[in-house]
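# Structure assessment
Residue-level listing of the chains:
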Amino acid sequence: MIAQAGPALAVGPAAVLYAFGRTRLTFWINLFFTPFLLAGPVTGLLLGGAKGVIIGNIIVFWATIPPWIYQLHKQAHAVDRG
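The following paragraphs examine the structure supplied in this document. As the structure is a prediction and not an experimental result, all values here were calculated from the model. (Residues numbered from 1 in each chain as written. Predicted model: local features only at pLDDT ≥ 70, side-chain atom pairs only at ≥ 80, totals over all residues. Heavy atoms only, no water.)

With that settled, consider the environment of Asn 57. The topology assignment puts Asn 57 in helix 2 (residues 23-63). Overall, the relative accessible area of 24% leaves Asn 57 in the partly exposed class. Sequence separation between Asn 57 and Gly 44 is 13 residues; the distance between their C-alpha atoms is 8.2 Å. (Helix = DSSP H or I, 4+ residues; strand = E, 2+ residues; numbered from the N terminus. Buried < 20%, exposed > 50% of the residue type's maximum accessible area, 1.4 Å probe, protein only.)

All right, on to the layout of surface pockets then. Its volume calculated, the largest pocket comes out at about 180 Å³. Along the walls of the largest pocket sit Pro 7, Ala 10, Val 11, Ala 14, Tyr 18, Ile 29, Asn 30, Phe 33, Leu 37, Phe 61, Thr 64 and Trp 68, which together make up its complete lining. Those elements that place two or more of their residues in the lining of the largest pocket are helix 1 (2-19) and helix 2. Grouping the constituent residues of the lining of the largest pocket by class yields 10 nonpolar, two polar and no charged. (1 Å grid on protein atoms, 1.4 Å probe; cavity = no way out; pocket = protein on both sides within 12 Å on 5 of 7 lines; lining within 4 Å. Points joined across faces, edges and corners; volume = space filled by probe spheres on them. Nonpolar A, V, L, I, M, F, W, Y, C, P; charged D, E, K, R; others polar.)

Helix length check: helix 3 (residues 65-81), at 17 residues, gives a terminal C-alpha distance of 25 Å against a target of 24 Å (1.5 Å per residue), a fit within 8%. Inspection of helix 3 places Ile 65, Trp 68, Gln 71 and Gln 75 among the buried residues, and these make up the whole buried set. Seen end-on, helix 3 carries its buried residues on one side only, within an arc spanning 135 degrees. In helix 3, the exposed residues that point more than 90 degrees away from the buried face are His 73, Asp 80 and Arg 81. (Expected span 1.5 Å × (residues − 1). Arc of directions from axis to C-beta.)

Let us now look at the environment of Leu 17. Here Leu 17 shows up in helix 1. The class of Leu 17 is buried, set by a relative accessible area of 0%. As a C-alpha pair, Leu 17 and Ala 76 span 59 residues in sequence and 8.7 Å in three-dimensional space. Apart from residues no more than four positions distant in its own chain, Leu 17 is found in contact with Arg 22, Leu 25, Thr 26, Trp 68, Gln 71, Leu 72 and Gln 75. (Contact = heavy atoms within 4.5 Å.)

Below, the discussion takes up helix 2. In this model helix 2 runs just 20 Å from its N-terminal to its C-terminal C-alpha over 41 residues, more than 12% under the 60 Å that 1.5 Å per residue would give. Its maximal kink placed at Gly 48, helix 2 deviates by approximately 150 degrees. Every buried residue of helix 2 is accounted for by Thr 26, Ile 29, Phe 33, Gly 40, Pro 41, Gly 44, Gly 52, Gly 56 and Val 60. Among the structural elements, helix 1 and helix 3 are those in contact with the buried residues of helix 2. (Bend = angle between axes of the 7 residues up to and from the residue.)

Note that all results are geometric; they support no functional claim without further evidence.
Below, the structure written as structure tokens:
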């Protein structure tokens, strides 16, 4: 449940950014995190086996939440001003 809560919390800000027409921005955010989404579980595997994979996934997915919220906040203020 904890592992899936991280990505679930990023869906809301991503959906709003899509609604604002900021699909290019969401693409770049996802592209930025792709190497981490690959490296986190592999590093976890090397350090802690199967449990390490899960922990690596949890850390990476939860780390994606602040950039999504930051960009949502930034874009919402840009819409208010524009």
